[in-house]
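So the chains spell out like this:
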Amino acid sequence: MAQHSGEWLEISLFACGGHFFGQTSLLNTLLVLQQRTRWAILPPLANTVGLLVGMLLSHGIAQFAAILLLFRACGSLWLFAGMKYQFMSAVRIWQYCVNGLKYASMDVLRVLSDQTSPVIIASMVSRADLGVFGLCMQFMNVSEMPGWSVLQSHYPKLVVARHGAMAKLRSRILRL
C-alpha cells in the first residue's frame, strides 16, 4: 500500500512498534496475576512520551517511527524483564500449548477480521479514504478498551470460578 518504494522503512518501523504496543494486553494480564498492577501504566506512558519526543525531535517520518519504536520497546521489555519467572519442563509447556489451542480459532478469526478488511479495501478506495477507514478502526478499538480492562482486572477470578464470575461481569461489561 506504499505510494513509493522508499516507504518500506517507515512501514517496517511502524509495524515493529505495533508488536510491542500489542503486547500490552498480555503484559497487563501477567501484572494482574503477579499483583503488580501499579506498573501497568508504564507501557502507555512510554508510548505517550515516545509520541511527544518523536514529535519534537524527529526530522522525518522514519525518524519519528524509530523513536516511537524505541519508547514502545523499552516500556514493554523493561516490565517483561522484571517479571518473576520459574523453570517449566518441556512437557508442561507442551500441555499448556495444547490446552491453549481451543482458544486459537477465536484469536485467528479476530485477527483475520481486523487485518483483512484494510487489505481488501485498499484495492477499492484512495489512500486518503483508506486512512479514514484506519482511523475509524482505531476509534472502534479504543471503544472496546473499557470492557477489556474490566476483564483483565478480574482475570484471576475468571480463571478460578470461570462461569460464575463471568455471569457477574456480563452486566457491567454491557453497561460499559
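That block above? That's the structure.
No experiment lies behind these values; they were computed from the predicted model shown.

(A) Main features of the overall build of the chain. Across its full length, the chain carries eight helices and zero strands. Secondary structure elements of the chain occur, N-terminal to C-terminal, as α-α-α-α-α-α-α-α. Oriented by its inertia axes, the alpha-carbon framework of the chain measures out at about 50 × 35 × 35 Å. Buried positions account for 24% of the 176 residues belonging to the chain.

(B) Examining the environment of Phe 71 more closely. Examined against the element boundaries, Phe 71 turns out to sit in helix α4 (residues 61-81). A relative accessible area of 24% places Phe 71 in the partly exposed class. Sequence separation between Phe 71 and Val 132 is 61 residues, and the spatial gap between their C-alpha atoms is 26 Å. Every residue in contact with Phe 71, bar those within four places of it in the chain, is listed here: Ala 46, Val 49, Gly 50 and Val 53.

(C) Quick look at the pattern of salt bridges. Scanning the entire structure with this criterion turns up one salt bridge. Measuring nitrogen to oxygen at the nearest pair gives 3.3 Å for the salt bridge that ties Arg 127 to Glu 7. Taken together, the positions of Arg 127 in helix α6 (residues 127-153) and Glu 7 in the segment before α1 (8-22) put the pair 120 residues apart, joining distant regions of the chain.

(D) Looking closely at α4. In a regular helix each residue adds 1.5 Å, so 21 residues correspond to 30 Å; α4 covers 30 Å between its end C-alpha atoms and thus fits that length. Inspection of α4 places Ala 62, Phe 64, Ala 65, Ile 67, Leu 68, Leu 69, Arg 72, Ala 73, Gly 75, Ser 76, Leu 79 and Phe 80 among the buried residues, and these make up the whole buried set. Residues of α4 that are buried make contact with α1, α2 (24-33) and α3 (42-57).

(E) Layout of the packing of aromatic side chains. Taken as a whole and judged by the stated rule, the model has two aromatic pairs. Seen from their ring centres, Trp 39 and Trp 78 are 5.5 Å apart, and the 75° between their planes marks the pair as edge-to-face. Here Trp 39 is found in the loop between α2 and α3, whereas its partner Trp 78 is found in helix α4, with 39 residues between them in sequence.

(F) Inspection of α3 at higher detail. Counted at 1.5 Å a residue, the expected span for α3 with its 16 residues is 22 Å, and the 22 Å between its end C-alpha atoms agrees. Buried within α3 are the following residues: Leu 42, Pro 43, Ala 46, Asn 47, Gly 50 and Gly 54. With its buried residues spanning 130° around the axis, α3 presents them on a single face. Exposed and oriented more than 90 degrees from the buried face of α3 are Met 55 and Leu 56. Against the buried residues of α3 lie α1, α2 and α4.

Rules of the game
Residues numbered from 1 in each chain as written. Predicted model: local features only at pLDDT ≥ 70, side-chain atom pairs only at ≥ 80, totals over all residues. Heavy atoms only, no water. Helix = DSSP H or I, 4+ residues; strand = E, 2+ residues; numbered from the N terminus. Buried < 20%, exposed > 50% of the residue type's maximum accessible area, 1.4 Å probe, protein only. Contact = heavy atoms within 4.5 Å. Salt bridge = Lys/Arg side-chain N within 4 Å of Asp/Glu carboxyl O. Expected span 1.5 Å × (residues − 1). Phe/Tyr/Trp six-rings, centres within 6.5 Å; stacked < 30°, edge-to-face > 60°. Arc of directions from axis to C-beta.

Honestly, it's all geometry; don't read function into it.
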